[in-house]
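Coordinate analysis (summary)
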Amino acid sequence: MLCRYHNLDGAEALCGKAGVEKIMARIHSIQYDPLNVLARNADLVLQARVKDYRESMLYELLYREHKLVDGFDKEMCIYEAGDFNRFQFVRNEYPKHAAPTLRYRNQLGVLDILDDVRDFVEKHGKTSTKDISIGEVRESRWGHRKLSSAALDYLYHTGVLTVADKRGTQKYFDLTERVLDSTDLSCGPDLTLEEFLEWYLERRIQSVGLLWNKTGGAWQGRFLSENELRSTILRTLVEKGRIQEIQAEGIDEPFYASGDFSEYLNTRPTDGYARFLAPLDNMMWDRQMLEKLFDFTYRWEVYTPAAKRKFGYYVLPVLYNGRFVARFEAEPVRKAKQFVIQNWWWEPEVKPNDNLREIIAKEMERFAEFLQVENSPENMIKSGMRK
């Protein structure tokens, strides 16, 4: 059901930029991460769901058409621009959390130059941290060296500025009212906090498709990480019929799904597909729930010292017909200039047959096409699919 909901089986004809817009309208938010081993997380998420996806499509939707926007949600995420105004409740929380960090970094002077930095952006337009130097410049192991850079970040998190363009990982900020459509900025201005929280929690469930009420990665972020508050909102949404409680056989903890998920409850499983998922894919947000539902244990080992890693630095799970059957680590594409699998691990209970080998081989070709590089002929051998 979850694989069908996310179109990981490819049953829906979601294709190109229109396909990106359609899947974003369903899951609402994808996590942004700057690491680019094969591709960035957001692009890996979309390629698994949308046929013929290319990175340029996300760039256009973010920085040319501004139908999507960079913003803080679960973590730093990409979400629909129509949600921007509602997220003012989240942005209003930023100053109280930022103050202790600025104090610790001896950067409270940021608060004194906010108007100057805003005026600079208003006058000069798109501005990156390298374009402006106002306030103190000092050596720092943490945070920005320049106060003006920290001020740009502060104004961004409070909604005064928005990321208007991005070149690599370099952000270019501009005044929000000059970037986003006026209809997006005026959407839901009379929303109460209670109404926002109900909308926000239901939306988070939709981002995953199905969630339980246990502390985990899927509930990260402002408000929703608070257990008591989250439980209260869940009860309210169930009472109002906006979400439903679902019991899975063999699991005591109930799950919650929005009305959008109901059409998938009786869907017959689709087969004949394989997908390579991003480490921070929406399906992977709650790894404890993932383990319970799919009997698949996954840990993102990017920040684990090499000697303590069980698998590798940047490892992608392999989904096959609704089951996680393997995982692999690839060579960085920019270094290898092709899609090269460095290590491949089958799950212990998986015994590859000809059908599985053929479908995963096709996915290797599709994935290499997304990366716009050649598929290494050694991949079949390294994955154990050809001996």
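Please read all numbers here as calculations on a predicted model, not as lab measurements. (Residues numbered from 1 in each chain as written. Predicted model: local features only at pLDDT ≥ 70, side-chain atom pairs only at ≥ 80, totals over all residues. Heavy atoms only, no water.)

**Concerning the pattern of salt bridges**
Any two side chains of opposite charge can pair, on the condition that their charged atoms come close. Under the defined criterion, the tally for this structure stands at 27 salt bridges. The partner of arginine 203 in a salt bridge is aspartate 83, and the shortest N-O contact between them spans 3.0 Å. One end of the pair, arginine 203, is in helix 11 (residues 193-208); the other, aspartate 83, is in the loop between strand 3 (76-80) and helix 5 (88-91), with 120 residues separating them in the sequence. Given the relative accessible area of 8%, aspartate 83 is considered buried. For aspartate 131, the salt bridge identified is with lysine 130, shortest N-O distance 3.6 Å. On the accessibility criterion, lysine 130 (55% relative accessible area) is exposed. Members of the salt-bridge network, linked through shared partners, are Lys17, Glu21, Glu60, Glu65 and Lys67. (Salt bridge = Lys/Arg side-chain N within 4 Å of Asp/Glu carboxyl O. Helix = DSSP H or I, 4+ residues; strand = E, 2+ residues; numbered from the N terminus. Buried < 20%, exposed > 50% of the residue type's maximum accessible area, 1.4 Å probe, protein only.)

**Some details on the side chain of serine 29**
Within the secondary structure, serine 29 sits in strand 1 (residues 29-31). Judged by relative accessible area, serine 29 falls into the buried class, the value being 0%. Polar contacts involving the side chain of serine 29 include one to the side chain of aspartate 73, which spans 2.9 Å. In contact with serine 29, not counting residues within four places along its chain, are Met24, Asp73, Cys77, Ile78, Tyr79, Arg203, Ser207, Asn282 and Trp285. (Polar contact = N/O pair within 3.5 Å; in protein donor to acceptor, adjacent residues only side chain to side chain. Contact = heavy atoms within 4.5 Å.)

**A few points about the side chain of glutamate 198**
By secondary structure assignment, the location of glutamate 198 is in helix 11. Owing to a relative accessible area of 11%, glutamate 198 belongs among the buried residues under this scheme. Excluding anything up to four places from it in sequence, glutamate 198 contacts Ile233, Thr236, Leu237, Lys240 and Arg242.

**Considerations on unusual backbone geometry**
Phi angles above zero are rare outside glycine, and histidine 66 is one such case at about 55°. Considering the arrangement of structural elements, one finds histidine 66 in the loop between helix 4 (55-63) and strand 2 (68-72).

**A look at the packing of helix 2 (residues 16-27) against helix 4**
Taken N-terminus to C-terminus, the directions of helix 2 and helix 4 make an angle of 60°; their axes are 9 Å apart at the nearest point. Taken as a pair, helix 2 and helix 4 cross one another with a handedness that is right-handed. Contacts from Gly16, Lys17, Val20 and Glu21 of helix 2 reach helix 4 at Met57, Glu60 and Leu61. A class-by-class count of the residues in the contact of helix 2 with helix 4 yields three nonpolar, one polar and three charged. (Axes fitted to C-alpha atoms, helices over the stretch in contact; angles between N-to-C directions. Left-handed = near helix turned anticlockwise from the far one by under 90°. Nonpolar A, V, L, I, M, F, W, Y, C, P; charged D, E, K, R; others polar.)

**Some words on the sheet that holds strand 6 (residues 211-212)**
The strand order across the open sheet formed by three strands is 6-8-7, and the pairing between neighbours is antiparallel. Whereas interior strands pair on both sides, the edge strands pair on one side only; in this sheet they are strand 6 and strand 7 (243-246). Strand direction decides the pairing type here: strand 6 and strand 8 (residues 255-258), joined by two bridges, are antiparallel. Paired with leucine 211 across the bridge in strand 8 is tyrosine 256. Contacting strand 6, strand 7 and strand 8, helix 11 crosses the sheet at an angle of about 100° to strand 8. (Pairing = 2+ DSSP bridges.)

**As for the nonpolar core**
Phe276, Phe328, Phe339, Trp344, Ile360, Phe367 and Leu371 are the most contacted members of the largest nonpolar core, which totals 126 residues. Sort the elements by how many residues they give to this core and helix 15 (residues 354-371) lands first, with nine residues. (Core = buried A, V, L, I, M, F, W, Y, C linked by side-chain atoms within 4.5 Å.)

**A short note on the packing of aromatic side chains**
Within this structure, the stated rule accounts for 30 aromatic pairs. On the basis of an interplanar angle of 85° and a centroid distance of 5.5 Å, the ring pair of tyrosine 5 and tyrosine 264 is categorised as edge-to-face. In this pair, tyrosine 5 sits in helix 1 (residues 2-5) while tyrosine 264 sits in the loop between strand 8 and strand 9 (274-276), placing the two residues 259 residues apart along the sequence. When its relative accessible area of 0% is taken as the criterion, tyrosine 5 is described as buried. (Phe/Tyr/Trp six-rings, centres within 6.5 Å; stacked < 30°, edge-to-face > 60°.)

**Re the sheet that holds strand 10 (residues 315-320)**
Here four strands make up an open sheet; going across it, the order is 9-10-11-13 and the pairing antiparallel. Of all strands in the sheet, those with a lone pairing partner are strand 9 and strand 13 (341-346), marking the two edges. Here the average twist between neighbouring strands, direction ignored, is 25°. Both strand 9 and strand 10 contribute to a ladder of three bridges, which runs antiparallel. The residue of strand 10 that forms the bridge with arginine 275 is leucine 319.

**Side note on helix 8 (residues 147-157)**
Counting buried residues along helix 8, 10 of its 11 residues qualify, which places the element largely inside the surrounding structure. Residues of helix 8 that are buried include every one of Leu147, Ser148, Ser149, Ala150, Ala151, Leu152, Tyr154, Leu155, Tyr156 and His157, and no others. The positive-phi residue at the C-terminal boundary of helix 8 is glycine 159, with phi of around 95°.

**Here's the deal with the environment of glutamate 55**
Structurally, glutamate 55 can be placed in helix 4. You can call glutamate 55 partly exposed: its relative accessible area is 37%. Along the primary structure glutamate 55 and aspartate 83 are separated by 28 residues, whereas in three dimensions their C-alpha atoms are 22 Å apart. Excluding residues that lie within four positions of it along the chain, glutamate 55 makes contacts with Ala39, Asp43 and Phe370.

**Examining the packing of helix 6 (residues 94-104) against helix 8**
Between helix 6 and helix 8, the shortest axis-to-axis distance is 10 Å and the interhelical angle comes to 160°. One way to sum up the angle between helix 6 and helix 8 is to call them roughly antiparallel. The two elements helix 6 and helix 8 meet at a crossing, and its hand is right-handed. Residues Tyr94, Pro95, Ala98 and Leu102 of helix 6 touch helix 8, and the partners they reach there are Asp153, Tyr154 and His157. (Parallel < 35°, antiparallel > 145°, perpendicular 65-115°, else oblique.)

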